[in-house]
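# A look at the structure
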Amino acid sequence: MSSTDMKPGVDPNTMSIIVTKGSLDWAYPPFILSTTAAAMGLDVTMFFTFYGLPLLMKDLSLQVTSLGNPAMKMPMMGMHMGMPNIVSAIPGVDAAASKMMKNLIKKKGVASIPELRDLAVEADVRMIACQMTLDLFEYSKDDMIEGIEIGGAATYIEVATQSHINLFI
Amino acid sequence: MADQVLDAKGLNCPLPILKAKKALKSMEGGKTLEILSTDPGSVADFAAFCRTTGNELVEQNEEGGVWTYLIRKSG
């Protein structure tokens, strides 16, 4: 987008992200982008809804699944290995795959999600939890980290009208 | 000689940028920060970071898979 078609009256250094997915792998894009944008001087708001909401919980127990995910191939024994769905469906396989992914993350110097979330909080990234999702899945604000706000669709839309970059992840 | 050195070797995206930002935050304008990184993606990222934030990328070098960046804080 060129500078001539910026939204009038909207600060170009503003970004919002709707966070809809809460698995270990999908937790990365929103937290990487929000922390980096904040480091580059942007005001960032994250709106956590549906399966993204548990990413605000005090205790994170994130898992990844290879079920229905043919693109998930892990480096193993010099090659990249995927997993047939019938294997992915076996109890315990998700836990093993998650452990493997966490080991890989550590080995490659990639930040953990709790670490990135702490950095986002430290960088004053505004975090809004979706009230409807809290109700729907019977979560309480007490389960969530300190400093978050609660809001709904209108709260997010107001943020979006004031943000130059709006992402849905 | 830089005023401050940040060793970000072994760290992957976006940690070198986040740690650099944190270090710059505590520094006065005009002071310089040297960053060491082993992340090949840091070449494009520090250039973009500096263009967007107005900090000056004074110089960069690579030796044996370690990139060194010298950034002067704006203001």
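First things first, this report covers the structure right here in the doc. (Residues numbered from 1 in each chain as written. Chains lettered and ligands numbered in written order. Predicted model: local features only at pLDDT ≥ 70, side-chain atom pairs only at ≥ 80, totals over all residues.)

## Digging into the overall build of chain A
- Assigned secondary structure in chain A consists of 6 helices and 7 strands.
- Ordered by position from N to C terminus, the α and β elements of chain A give β-α-β-β-β-α-α-α-β-α-β-α-β.
- In terms of principal-axis extent, the alpha carbons of chain A reach across some 55 × 40 × 25 Å.
- Within chain A, buried positions represent 27% of all 169 residues. (Helix = DSSP H or I, 4+ residues; strand = E, 2+ residues; numbered from the N terminus. Buried ≥ 20, exposed ≤ 12 C-beta atoms within 10 Å, placed from the backbone.)

## Details of the overall build of chain B
- Along the backbone of chain B there are 2 helices and 4 strands.
- Helices (α) and strands (β) of chain B occur, in sequence order from the N terminus, as β-α-β-α-β-β.
- Taken over C-alpha atoms, the radius of gyration comes to 11 Å for chain B, in line with the 11 Å a tight globule of 75 residues would show.
- Principal-axis analysis of the C-alpha atoms gives chain B an extent of 30 × 25 × 20 Å.
- The burial tally for chain B puts 29% of its 75 residues in the buried class.
- For chain B, the proportion of contacts with a sequence separation of at least 24, taken over those separated by at least 6, is 58%. (Rg over C-alpha atoms; globule rule 2.2 N^0.38 Å. Contact = placed C-beta atoms within 7 Å.)

## Notes on the interface of chain B and chain A
- Contacts between the two partners involve 11 residues from chain B, matched on the other side by 11 residues from chain A.
- Put simply, the parts of the chain that give the side of chain B that touches chain A at least two residues each are helix 1 (15-25) and helix 2 (42-53) of chain B.
- At 4 residues, the largest contribution of residues to the side of chain B that touches chain A is made by helix 1 of chain B.
- Considering only residue class, the side of chain B that touches chain A consists of 6 nonpolar, 4 polar and 1 charged. (Nonpolar A, V, L, I, M, F, W, Y, C, P; charged D, E, K, R; others polar.)

## A short note on the packing of helix 1 (residues 28-39) of chain A against helix 4 (residues 113-122) of chain A
Residue and element names in this part refer to chain A.
- As a packed pair, helix 1 and helix 4 sit with axes 9 Å apart at the nearest point and diverge in direction by 35°. When the axes of helix 1 and helix 4 are compared, the crossing they make is left-handed. Between helix 1 and helix 4, the residues in contact are F31, I32, S34, T35 and A38 and I113, L116, R117, L119 and A120, respectively.
- Residues belonging to the contact of helix 1 with helix 4 are distributed by class as follows: 7 nonpolar, 2 polar and 1 charged. (Axes fitted to C-alpha atoms, helices over the stretch in contact; angles between N-to-C directions. Left-handed = near helix turned anticlockwise from the far one by under 90°.)

## Focus: the sheet that holds strand 1 (residues 4-8) of chain B
All names here are of chain B.
- Read across the open sheet, the 4 strands follow the order 1-2-4-3; overall the sheet is mixed. The open sheet has two edge strands, strand 1 and strand 3 (56-63), and neither has a second partner. Pairwise comparison of adjacent strand axes, ignoring direction, gives a mean angle of 15° for this sheet.
- Docked against the sheet, helix 1 engages strand 1 and strand 2 (32-37), running at close to 160° with respect to strand 1. (Pairing = 2+ DSSP bridges.)

## Quick notes on the sheet that holds strand 1 (residues 14-19) of chain A
Residue and element names in this part refer to chain A.
- Pairing is parallel in the open sheet, where 5 strands are placed in the order 6-5-2-1-7. With partners counted over all chains shown, the strands left at the sheet margins are strand 6 (149-151) and strand 7 (165-168), one partner each. If you compare each strand with its neighbour and ignore which way they point, the axes differ by 20° on average.
- Packing of helix 6 (residues 153-161) onto the sheet brings it into contact with strand 1, strand 2 (43-48), strand 5 (126-130), strand 6 and strand 7, and relative to strand 1 it is tilted by some 150°.

## Some words on the packing of helix 1 of chain A against helix 1 of chain B
- Interaxial distance between helix 1 of chain A and helix 1 of chain B falls to 9 Å at its minimum, and their mutual angle equals 30°. Helix 1 of chain B is crossed by helix 1 of chain A, and the crossing has left-handed handedness. Each of A:T35, A:T36 and A:A39 in helix 1 of chain A lies in contact with helix 1 of chain B, whose residues at this interface are B:I17, B:L18 and B:K21.
- Here the contact of helix 1 of chain A with helix 1 of chain B is built from residues that sort into 3 nonpolar, 2 polar and 1 charged.

## Here's the deal with the nonpolar core
Residue and element names in this part refer to chain A.
- Membership of the largest hydrophobic core comes to 46 residues, with the highest contact counts inside it found for M46 and F48.
- The dominant element in this core, judged by the number of residues it contributes, is helix 1, at 6 residues.
- Apart from the residues lying within four places of it in its own chain, the contact partners of M46 are I17, V19, P30, S34, V125 and M127. (Core = buried A, V, L, I, M, F, W, Y, C linked by C-beta atoms within 7 Å.)

## Things to note about the environment of A:Y51
All names here are of chain A.
- On the secondary structure map, Y51 appears in the loop between strand 2 and strand 3 (74-76).
- Spatially, the C-alpha atom of Y51 lies 8.1 Å from that of S23, the residues being 28 residues apart in sequence.
- For Y51, the contacting residues outside a window of four places in its chain are T20, K21 and G22.

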